[in-house]
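# Examining the three-dimensional arrangement
Residues per chain are reported as follows:
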Amino acid sequence: MSVLIFAELDEGKIKKSSQEALFYGAKVAEQTGTSATAIIIGQADDSELASAGRFGVTKVLHASNAQLNEPNGMAYATVVAAAVQQEGSKVIVLAKSSLADAMTARLAGKLKAGLAANVVELPDLSNGFRVKSSIYTGKAFAYNDLKADIKILAIKKNTITPEETDSTASVDSFSPTLNDADFVISVKSSEKASGDVLLPEADLVVSAGRGLKGPENWGIVEDLAHALHAATACSKPVSDLDWRPHSEHVGQTGLKISPNLYIACGISGAIQHLAGVNSSKVIVVINKDSEAPFFKSADYGIVGDVFDVLPRLTKAVKAL
Amino acid sequence: MKILVCVTSVPDTTTKIAFTDNNTKLNKAGVTFITGPYDDYALARAVELKEKTGASITVINVGEADSEPVIRKCLAIGADDAIRVNAEPTDAYFVAEQIAAIAKENSYDLILMGRESIDYNGGQVHGIVGEMLGFPSISPVMQLDIDGDTAKITREIEGGKEQLEAKLPLVLGCQEPIAEWKIPNMRGIMTARTKPLKIVEPTGTDKLTTVANYELPAPRSAVKMIKADEAETLIQLLRTEAKVI
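Basis of the calculations
Residues numbered from 1 in each chain as written. Chains lettered and ligands numbered in written order. Predicted model: local features only at pLDDT ≥ 70, side-chain atom pairs only at ≥ 80, totals over all residues. Heavy atoms only, no water. UniProt positions renumbered as here; feature names shortened; annotations may be inferred. Helix = DSSP H or I, 4+ residues; strand = E, 2+ residues; numbered from the N terminus. Buried < 20%, exposed > 50% of the residue type's maximum accessible area, 1.4 Å probe, protein only. Contact = heavy atoms within 4.5 Å. Areas by Shrake-Rupley, 256 points an atom, 1.4 Å probe, with all protein chains shown as cover. Lys, Arg positive; Asp, Glu negative; His and termini not counted. Charge placed at Lys NZ, Arg CZ, Asp CG, Glu CD. Pairing = 2+ DSSP bridges. Axes fitted to C-alpha atoms, helices over the stretch in contact; angles between N-to-C directions. Disulfide = S-S within 2.5 Å. Domains from an automatic or database assignment. Buried area = accessible area lost by both parts, 1.4 Å probe. Salt bridge = Lys/Arg side-chain N within 4 Å of Asp/Glu carboxyl O. Polar contact = N/O pair within 3.5 Å; in protein donor to acceptor, adjacent residues only side chain to side chain. Nonpolar A, V, L, I, M, F, W, Y, C, P; charged D, E, K, R; others polar.

Chain B goes by Electron transfer flavoprotein subunit beta in an unreviewed UniProt entry, where it is assigned to Spirosoma aureum. In its Sequence similarities (unreviewed entry) section, the UniProt entry covering chain B states "Belongs to the ETF beta-subunit/FixA family."

By the naming in an unreviewed UniProt entry, chain A is Electron transfer flavoprotein subunit alpha/FixB family protein, taken from Spirosoma aureum. According to UniProt, the comment filed for chain A under the heading Sequence similarities (unreviewed entry) is "Belongs to the ETF alpha-subunit/FixB family."

## As for the overall build of chain B
From N to C terminus, chain B includes six helices and 15 strands. Seen through its C-alpha atoms, chain B measures out along the principal axes to roughly 65 × 45 × 40 Å. The burial tally for chain B puts 56% of its 245 residues in the buried class. Here the contacts in chain B between residues at least 6 apart in sequence split such that 69% fall between residues at least 24 apart. Surface exposure of chain B reaches about 10,500 Å², of which carbon and sulfur atoms provide 50%. Put simply, chain B has 27 plus and 35 minus side-chain charges, and the middle of one group is 3 Å from the middle of the other.

## Considerations on the sheet that holds strand β14 (residues 231–234) of chain A
Across the sheet, six strands lie side by side as β14(A)-β13(A)-β15(A)-β16(A)-β17(A)-β15(B); this open sheet has parallel pairing. Since the sheet does not close on itself, it has two edges, and those belong to β14 of chain A together with β15 (224–226) of chain B, each with one partner. The average undirected angle you get between the axes of adjacent strands in this sheet is 20 degrees. In the sheet, strand β17 (residues 300–303) of chain A pairs with β15 of chain B via three bridges, with the strands oriented parallel. Across the sheet, Gly301 of chain A pairs through a bridge with Met225 of chain B, a residue of β15 of chain B. On top of the sheet, helix α8 (residues 306–318) of chain A reaches β15 (261–265), β16 (282–287) and β17 of chain A; it is set at about 135 degrees to β16 of chain A, its chief contact.

## Considering the state of the cysteines
Within this structure, the stated rule accounts for zero disulfides over all chains. Note on Cys265 of chain A: no disulfide assigned, nearest cysteine sulfur contributed by Cys234 of chain A at a separation of 12 Å. Taking relative accessible area as the criterion, Cys265 of chain A reaches 0% and is therefore assigned buried. Cys6 of chain B supplies the cysteine sulfur nearest to Cys74 of chain B, a cysteine that is in no disulfide, at a spacing of 11 Å. Relative accessible area serves as the criterion here: at 0%, Cys74 of chain B is assigned to the buried category.

## Remarks on the domain arrangement of chain A
One frequent convention defines the size of an interface as the accessible area lost when the parts assemble. All names here are of chain A. Segmenting chain A into domains produces domain 1 (2–182) and domain 2 (199–318). A separation of 31 Å is found between the C-alpha centroids of domain 1 and domain 2. Here domain 1 and domain 2 share an interface that buries about 1,100 Å² over both sides, 39% of which is from carbon and sulfur atoms. The three residues of domain 1 that bury the most area against domain 2 are Thr137, Lys157 and Asn158, which together make up 54% of that side's buried surface. Counting the contacts that link domain 1 with domain 2 gives three salt bridges. Notably, a salt bridge pairs Lys15 with Glu201, separated by 4.0 Å at the nearest N-O pair. Counting across the interface, domain 1 meets domain 2 through 11 residue pairs in polar contact (both at pLDDT 80 or more). Of the residues contributing to the side of domain 1 that touches domain 2, the split by class is no nonpolar, four polar and five charged.

## Brief notes about helix α2 (residues 68–77) of chain B
Of all the residues in α2 of chain B, the buried ones are Val70, Ile71, Cys74, Leu75, Ala76 and Ile77 of chain B. Backbone geometry just downstream of α2 of chain B places Gly78 of chain B in the positive-phi region, at approximately 150 degrees.

Right, dumping it as structure tokens:
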């Protein structure tokens, strides 16, 4: 009957967003008087797997098989569905991500599960099973009643701040039967930025818009991002103009992010852009136009030229 | 090749969201409804494939009668016919079940839709449909080419992209820049009026999730302005006051 948490690995380490999911899942287990078990797929050291116990889970099921080393939403759904069956889980928790989204959708189909995506609070169990989720790209919330026997909660980043203990979890090897049908999509090649902070996982984000005037000027944005150990992002016009890759586009039709700090440089703040970033805890807006609508949604604002302000901020961060 | 394009009818992206009836319903007064922006990309790529290969395009919408202007626009852009499943589309599993039921009757080679709807943002329907039909599903798809019975796909991953190949039939969740957005021309608008739009009643499961009520986010407190020539102060405030760095 345990709550099952899918924790995702990135280069053998449990992703930060999955740490939040582990802690969230352990809290749901407390609420429901059950235990919390994690399912982790792919290669990782036993010590890393056992470290999931820091967030409150007592057991880790580890599925490691050469076929599973490459992320594959369909195959991962088969593995997680088998873990659900073994553990008799009624609640499945995971953090939203590109892989988790693909996996969750297949899993919901397999289990006929009630699914809430972009969950932002712990469930309210006082009258059924109710969870709050972010909808309309962050412009509103819904209180969802999950009526299915099996419930899947895909939680939004920064929903919960994990507290850690010294506990470790037991680690059991898990080898369910895989379906050949789950491996029919072949990956021919992939390109991934290395060394930089990944935007969907980032706590701090420095983002820029057309106010930067051209891709050749992005150095001042990257300098501030590097100094802060932040990810870089951009507005839609910037990715449409190919100044920056689409994977950096935040907004209504791009990535929806909820970092602790979002610094918007030379972005006026159209409602479509705000929709993708308005869940950020703190928003800083730097724009030379004092009438830019973004200032109305900001916590801190500077009316000034980004070419002057950004280097000053970078210097101040380096001096800390 | 037979293509099914699944579209949502959603508030325009500039809409300020508000609720009515004790926060249990979207306040539709003054709201313009549009095809989901990601679905528009899916339809646009379907139209390009039609021009190239002679494919047929059926549009499906799970929605109430007020979705019909959006469906007619899809017909004007180039879809051949349309199906509206007469139900409120609030639950991903329920919506997927309606699409899968239609797909089972008609043997589509490609089922295209947006990566997510911009109202509920679940991003789940394509995967559930794929699972129900036993088809592979891929999302978010940025490029799609069809060569015989093989699809060549570029998919966005975190911080990058990957190139994939898979055999049809497939279910794909689409996003930019898969195609150029299409705007209906006058001839398209005229012919759309005569294209078939079939209305069917929903089938299958009751909704597995329902929304009890909605809420708007709390407004942010007033912005604290910092002079440009004292920009360094911001870093101190982010450290000592906001405690985010």
